[in-house]
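Each chain is listed here by its residues.
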Amino acid sequence: MTVQQTTESPADARAPRTTEETGLPFLFLVELLSKVLFQRGQVRLPELANHLKLSISVITPLVTHLRNEKLCEVTRSGGSGTDADLTYHLTEAGMQRAIACLNRNSYAGPAPVTLAAYVAQMEAQSVRHLHVTREDVQATFHDVIANPYVLDQMGAAMNSGRAIFIYGLAGSGKTFLAERLCGLLHGAISVPYAIMIDGEVVPFYDQVQHRPIEGGVPAEDSGELLRPLDPRWVRGLQRPTALTGGELTLEMLDLRFDPNTRLYQAPPHLKANNGIFIIDDLGRQRCSPLELMNRWIVPMDRGVDYLSLHTGLVFQVPFDVVVVFSSNFLPERLSDGAFLRRLGYKIEVPPQTPAEYELLFRQACAQYGIAFDAAAYDYLLSGLHAKDETPLLACYPRDLIRQVRDLARYESTPPTLNQRSLDWAWQNYFAGAGARRVAAEQQKKERERRDAQINPHNQGRQG
């Protein structure tokens, strides 16, 4: 896979030497410094620089301003006789000023970057610059037993930069395949600790979402050893993969401000920029599929989203993410034609072929230390699957083998694959009914429930 990326980007810039070079207002930096001093008490200048991710040359005029305003004092603690002994702390007036600042926005972490710098960085490392080949897919899915045609569809879809809709029966492996797509996202990215938007600070870097790439952060070049790269950026990160399911609500897709903590929380798809955002089990969210998809029509079409601060200001952010919808429902059951046209690829994950299913079964046996038995496997296909008209879904081998293992543990005997143990597993797993009939009935009830939620007015008129 190749990644086309411009050489000049905000994360490549050297550390600011002056407050002007930070791109942030002087008084904003003064308030940020005040909040840090209030929370940490007596702090030395190098500690402030490390905490704020700003150079001492930037922080010095901020401290001078606080001292001139009688908001900060200096105390010498130590015997070196150098500035290393100096510690800074707020005066009573400075504490009152810091409290007022914290009541507006309690963020007191690393200095943010500007919204313009964030937008430029997202564009420089856009997921749309990726180039995925069949060789990349084969390398990423080398240990996965799946339909080759489906894998080809997914690989080609990643080159489109458009949304992907993956559908199929429950247990067909849709979510597993969708999560594996992150292996196609090569190349390290950089993200800021925080973003400043109209005087407000939105924390961005998330240690759970933004993980270091294997091998660690690449070393900085040696061109200007005395002036390192801007430390407000976290570099050498994997492209993010965000997964959300039935817990997703429309409110989660907006910028949220907690009135108690006085902190913003960035929505998951914003943190997933330059990566993948997977919506699993589409159709089972607390909001209707139509509402969810309507919320994303403009972002998916134009590559931008619109968020708002609690002050009412609406601003534009990049929507540079491959959205993957995974659902048990057919695409046309979940949305209208206007939205379906914006889905670049609609990929069905079918049941396994007999050859694929046997490989999965052998794989599950090896994983749980159970010897594969050809006669027992033939009984599974002809005596159970065929009899109950149960499709060969990817999840069944592992789940059935687990039942066989559990029975052996209970009986304190070595786990054995035979007709008795398979009948036991089948009875427990499917409750004595054919999986297809059960699934069909469940899907019918689910469709009726979803249709009732989507069309309550129609039902009212019919009643």
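Residues numbered from 1 in each chain as written. Predicted model: local features only at pLDDT ≥ 70, side-chain atom pairs only at ≥ 80, totals over all residues. Heavy atoms only, no water.

The chain is annotated in an unreviewed UniProt entry as ATP-binding protein of Duganella flavida.

Student: Can you explain the sheet that holds strand 10 (residues 200-203)? Please cite residues and give values.
Tutor: Pairing within the open sheet is mixed, and its three strands lie in the order 5-9-10. The sheet is open, and its two edges are formed by strand 5 (113-114) and strand 10, each paired on a single side. The sheet contact formed by strand 5 and strand 9 (residues 194-197) spans two bridges and is parallel. From the neighbouring strand, Val113 faces strand 9, where its bridge partner is Ile195. (Pairing = 2+ DSSP bridges. Helix = DSSP H or I, 4+ residues; strand = E, 2+ residues; numbered from the N terminus.)

Student: Can you break down the pairing of strand 11 (residues 233-237) residue by residue, with the values?
Tutor: Most of strand 11 is tucked away, with five of its five residues classed as buried. With three bridges joining them, strand 8 (residues 189-192) and strand 11 adopt antiparallel strand pairing. Paired with Val191 across the two strands is Val234, which belongs to strand 11. (Buried < 20%, exposed > 50% of the residue type's maximum accessible area, 1.4 Å probe, protein only.)

Student: How would you explain the sheet that holds strand 12 (residues 241-244) if you had to name every residue and give the values?
Tutor: Read across the sheet, five strands follow the order 12-15-18-7-19 without closing on themselves; strand pairing throughout is parallel. The open sheet terminates on both sides in strands that have one partner only, identified here as strand 12 and strand 19 (343-348). On average, adjacent strands in this sheet sit at an angle of 15 degrees to one another, irrespective of strand direction. Taken together, the five bridges between strand 15 (residues 275-279) and strand 18 (residues 321-327) define a ladder with parallel strand orientation. Across the sheet, the residue bridging to Ile276 is Val322, located in strand 18. Against the sheet, helix 7 (residues 148-160) engages strand 7 (163-167), strand 15, strand 18 and strand 19, with an angle of about 165 degrees to strand 19. (Axes fitted to C-alpha atoms, helices over the stretch in contact; angles between N-to-C directions. Contact = heavy atoms within 4.5 Å.)

Student: Explain the side chain of Ser190 to me, and be specific about the residues and the numbers.
Tutor: Its place among the elements puts Ser190 in strand 8. Not counting the four nearest positions on each side in its chain, Ser190 is found in contact with Ala11, Gln121, Met122, Gln125, Trp233, Val234 and Arg235.

Student: I'd like a rundown of the pattern of salt bridges, residues and numbers included.
Tutor: Evaluated as defined, the whole model comprises 13 salt bridges. Salt-bridge contacts for Asp305 lead to Arg295; the nearest nitrogen and oxygen are separated by 3.1 Å. Within this pair, whereas Asp305 is found in strand 16 (residues 304-308), its partner Arg295 is found in helix 10 (residues 289-295), the two being separated by 10 residues in sequence. There is no split in this pair, since Asp305 and Arg295 are both buried. Between Glu411 and Arg420 there is a salt bridge, and its shortest N-O distance comes to 2.5 Å. (Salt bridge = Lys/Arg side-chain N within 4 Å of Asp/Glu carboxyl O.)

Student: For the packing of helix 2 (residues 45-52) against helix 3 (residues 56-68), give the residues involved together with the corresponding values.
Tutor: Look at helix 2 against helix 3: their axes get within 10 Å of each other, and the N-to-C directions meet at 110 degrees. Judged by the angle between their axes, helix 2 and helix 3 are roughly perpendicular. In terms of crossing hand, the pair formed by helix 2 and helix 3 is right-handed. Residues Leu45, Pro46, Leu48, Ala49 and Leu52 of helix 2 form the contact with helix 3, whose own contacting residues are Ile56, Ile59, Thr60 and Val63. (Parallel < 35°, antiparallel > 145°, perpendicular 65-115°, else oblique. Left-handed = near helix turned anticlockwise from the far one by under 90°.)

Student: Could you give me a rundown of helix 15 (residues 374-388), with the residues and numbers involved?
Tutor: An ideal rise of 1.5 Å per residue puts 21 Å on 15 residues; helix 15 measures up with 20 Å between its terminal C-alpha atoms. Bending of helix 15 peaks at approximately 25 degrees at the position of Leu380. By the burial criterion, the buried members of helix 15 are Ala376, Tyr377, Tyr379, Leu380, Gly383, Leu384, His385 and Asp388. Where helix 15 begins, the capping side chain belongs to Asp373, and its oxygen is found 3.1 Å from the backbone nitrogen of Ala375. A positive phi of about 55 degrees marks Glu389, the residue just after helix 15. (Expected span 1.5 Å × (residues − 1). Bend = angle between axes of the 7 residues up to and from the residue. Polar contact = N/O pair within 3.5 Å; in protein donor to acceptor, adjacent residues only side chain to side chain.)

Student: Can you explain the layout of surface pockets? Please cite residues and give values.
Tutor: In this structure, the largest pocket encloses a volume near 690 Å³. Taken together, 34 residues make up the lining of the largest pocket; nearest its centre are Gly173, Phe176, Ala394, Cys395 and Arg398. Looking at the lining of the largest pocket, the elements with two or more residues in it are helix 8 (174-180), helix 14 (354-367) and helix 16 (396-411). Both domains that furnish three or more residues to the lining of the largest pocket are identified here as domain 2 (126-187 + 239-348) and domain 3 (354-434). (1 Å grid on protein atoms, 1.4 Å probe; cavity = no way out; pocket = protein on both sides within 12 Å on 5 of 7 lines; lining within 4 Å. Points joined across faces, edges and corners; volume = space filled by probe spheres on them. Domains from an automatic or database assignment.)

Student: Go over a nonpolar patch on the surface, please, and point to the residues and values.
Tutor: Taken together, the side chains of Phe38, Met95 and Ile99 present a nonpolar region at the surface, about 220 Å² in accessible area. Residue position: Ile99 is located in helix 4 (residues 92-104). (Patch = residues over 30% accessible without salt bridge, like charges linked within 9 Å, V, L, I, M, F, W, Y side chains within 5 Å. Areas by Shrake-Rupley, 256 points an atom, 1.4 Å probe, with all protein chains shown as cover.)

Student: Before we move on, could you go through the packing of aromatic side chains and cite the residues and values that matter?
Tutor: For any pair of aromatic rings, geometry is given as the distance between the ring centres together with the angle between the planes. In total, this model carries 14 aromatic pairs according to the counting rule given. When the ring of Tyr429 is compared with that of Phe430, the centres are 4.8 Å apart and the planes differ by 85 degrees; the resulting orientation is edge-to-face. Tyr429 sits in the partly exposed class, given a relative accessible area of 28%. Cluster of aromatic residues (ring-pair linked, three or more members): Phe277, Trp296, Phe319 and Phe325. Cation over ring: Arg362 sits above Phe372, and NZ or CZ is 3.8 Å from the ring centre. (Phe/Tyr/Trp six-rings, centres within 6.5 Å; stacked < 30°, edge-to-face > 60°. Lys NZ or Arg CZ within 6 Å of the ring centre and 35° of its normal.)

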